[in-house]
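# Fold and geometry: a report
Now for the letters of each chain:
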Amino acid sequence: LARRLHGASVVITFDPDPQTVLSPATAPPALMSVASRLRHFQSLGVAWAIVLPFSRRFARMSARQFIQRVLVGRLHAAALMVGEAFMFGRNRLGDMELLRAIGPTSGMRVVALQSICRGGAPVSSSRIRRMIHDGRLAQARRLLGRPVTLEGVVVGGAGRGRRLGFPTANLKLIPQALPPQGVYAVTVRVGAKAWSGVMNLGTRPTFGAGPVICEAHLFGFSGTLRGRSASVSLMARLR
């Protein structure tokens, strides 16, 4: 559509997630970081991604103000594509009816996208979170279009794995949706490099040293990754 209109494709997203600002006690865990979100947008061919800082002050903006100030005033949007159940603005009073009423008078075409269904139900973040929580990784993968992936930063560990000949990456995970504790076959990516491995999520059963967020043994790796951002794609649960 952007090409047909001789324009640029733009995705608008928020950081932090609005629910973590407005209702932090009940906000659901994230499925990916903002950085990963931007990488996925880029891989899909999106020309621009705009991250709007979300705050309680921003949340007080009415739906009409958001349309006029952001979509029309700042972005000069020629077309807007949103989910058919999209709601926005203060107290979530903005909806498709309002967009269709205001859009044409502002020179903005409004397109409602129907939900994508898999297995007889719409694909949604809440549905994917339930699958991850229950350990239904194959089902979650079908809805995501990619493996369930954990993200974090490599931190120092006790060094036991290296002394035993198993290069280990200990990850401090960002807040995110987590699968059940267990041992998983994984692919660990740091920058452009990737290694297969086995990850323990939960406690260290061998040494009884208390809880650990994420400990991955990397096959064929030598060196150090401390301080680097890493992603762990869960390929299968082993036990």
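Going by the structure above, here's the rest.
Residues numbered from 1 in each chain as written. Predicted model: local features only at pLDDT ≥ 70, side-chain atom pairs only at ≥ 80, totals over all residues. Heavy atoms only, no water.

### Notes on empty space enclosed by the protein
Put simply, the test is: Put simply, the grid is 1 Å and covers the protein atoms alone, a cavity is a trapped set of points that fit a 1.4 Å probe, a pocket is an open set with protein on both sides within 12 Å along at least five of seven lines, and lining residues have an atom within 4 Å of a point. Grid points are joined across faces, edges and corners, and a volume is the space filled by probe spheres set on the points. Note on residue categories: nonpolar means Ala, Val, Leu, Ile, Met, Phe, Trp, Tyr, Cys or Pro, charged means Asp, Glu, Lys or Arg, and polar means any other residue, Gly included.
Scanning the entire structure with this criterion turns up 1 cavity of 30 Å³ or more. By volume, the largest cavity is sized at about 60 Å³. Residue lining of the largest cavity: Ala30, Leu31, Ile132, Leu144, Arg146, Val148, Thr149, Gln176 and Ala177, and that is the complete set. Of the residues that constitute the lining of the largest cavity, the class distribution is 6 nonpolar, 2 polar and 1 charged.

### What about the packing of aromatic side chains?
This is how it is decided: Pairing of aromatic side chains requires ring centres within 6.5 Å, counting the rings of Phe and Tyr and the six-membered ring of Trp. Pairs whose planes differ by under 30 degrees are stacked, by over 60 edge-to-face, and all others tilted. Burial here depends on accessible area, computed with a 1.4 Å probe over protein chains only, as a share of the maximum for the residue type. Under 20% is buried, over 50% is exposed, and the range in between is partly exposed. Runs of H or I in DSSP of at least four residues are treated as helices and runs of E of at least two as strands, each being numbered from the N terminus.
Counted by the stated rule, this structure contains 7 aromatic pairs. Considering the side-chain rings of Phe58 and Phe66, the 6.4 Å spacing of their centres and the 80 degrees angle between planes classify their relative orientation as edge-to-face. In this structure Phe66 comes out as buried when scored by relative accessible area, which is 10%. Here Phe66 and Phe88 contribute two aromatic rings whose centre-to-centre distance is 5.9 Å and whose plane-to-plane angle is 55 degrees, an arrangement assigned as tilted. Of the two residues, Phe66 sits in helix α4 (residues 63–74) while Phe88 sits in the loop between β3 (79–83) and α5 (96–102), which places them 22 residues apart along the sequence. Take Phe88: its relative accessible area is 7%, and that puts it in the buried class.

### With respect to the pattern of salt bridges
What counts, and what does not: Salt bridge, as used here, is a side-chain nitrogen of Lys or Arg placed within 4 Å of a carboxyl oxygen of Asp or Glu.
Considering all chains together, one arrives at 1 salt bridge under this definition. Residue Arg136 pairs with Asp134 through a salt bridge whose shortest N-O separation is 3.2 Å.

### Some remarks on unusual backbone geometry
In this structure, Pro16 follows Asp15 across a cis peptide bond, with omega equal to -5 degrees. As for its position among the elements, Pro16 is in the loop between β1 (10–15) and α1 (18–22). Notably, His6 is not glycine yet its phi reads approximately 60 degrees, a positive angle. For His6, the location among the structural elements is in the segment before β1. The backbone of His76 sits at a positive phi, close to 50 degrees, despite the residue not being glycine.

### Regarding the pairing of β3
The condition is simple: A pair of strands counts as paired when DSSP detects no fewer than two bridges linking them.
Of the pairings in the sheet, the one linking β3 to strand β4 (residues 109–113) comprises 5 bridges and is parallel in character. If you follow Met81 over to β4, its bridge partner there is Val111.

### Digging into the nonpolar core
Formally: Think of a nonpolar core as a cluster: buried Ala, Val, Leu, Ile, Met, Phe, Trp, Tyr and Cys residues, connected wherever their side-chain atoms sit within 4.5 Å. Whether two residues are in contact is decided by their heavy atoms: any pair within 4.5 Å suffices.
In this structure, Leu171, Val188, Met199, Leu218, Val232 and Leu234 are the most contacted members of the largest nonpolar core, which totals 29 residues. Looking at this core, the elements that each hand over two or more residues are α6 (125–134), α7 (137–144), β7 (149–155), β8 (168–173), β9 (182–190), β10 (193–203), β11 (211–218) and β12 (229–237). Excluding anything up to four places from it in sequence, Val232 contacts Val148, Thr149, Leu150, Leu171, Val186, Thr187, Val188, Met199 and Cys214. Membership of the second largest hydrophobic core comes to 22 residues, among which are Leu52, Ala77, Val82 and Ile102.

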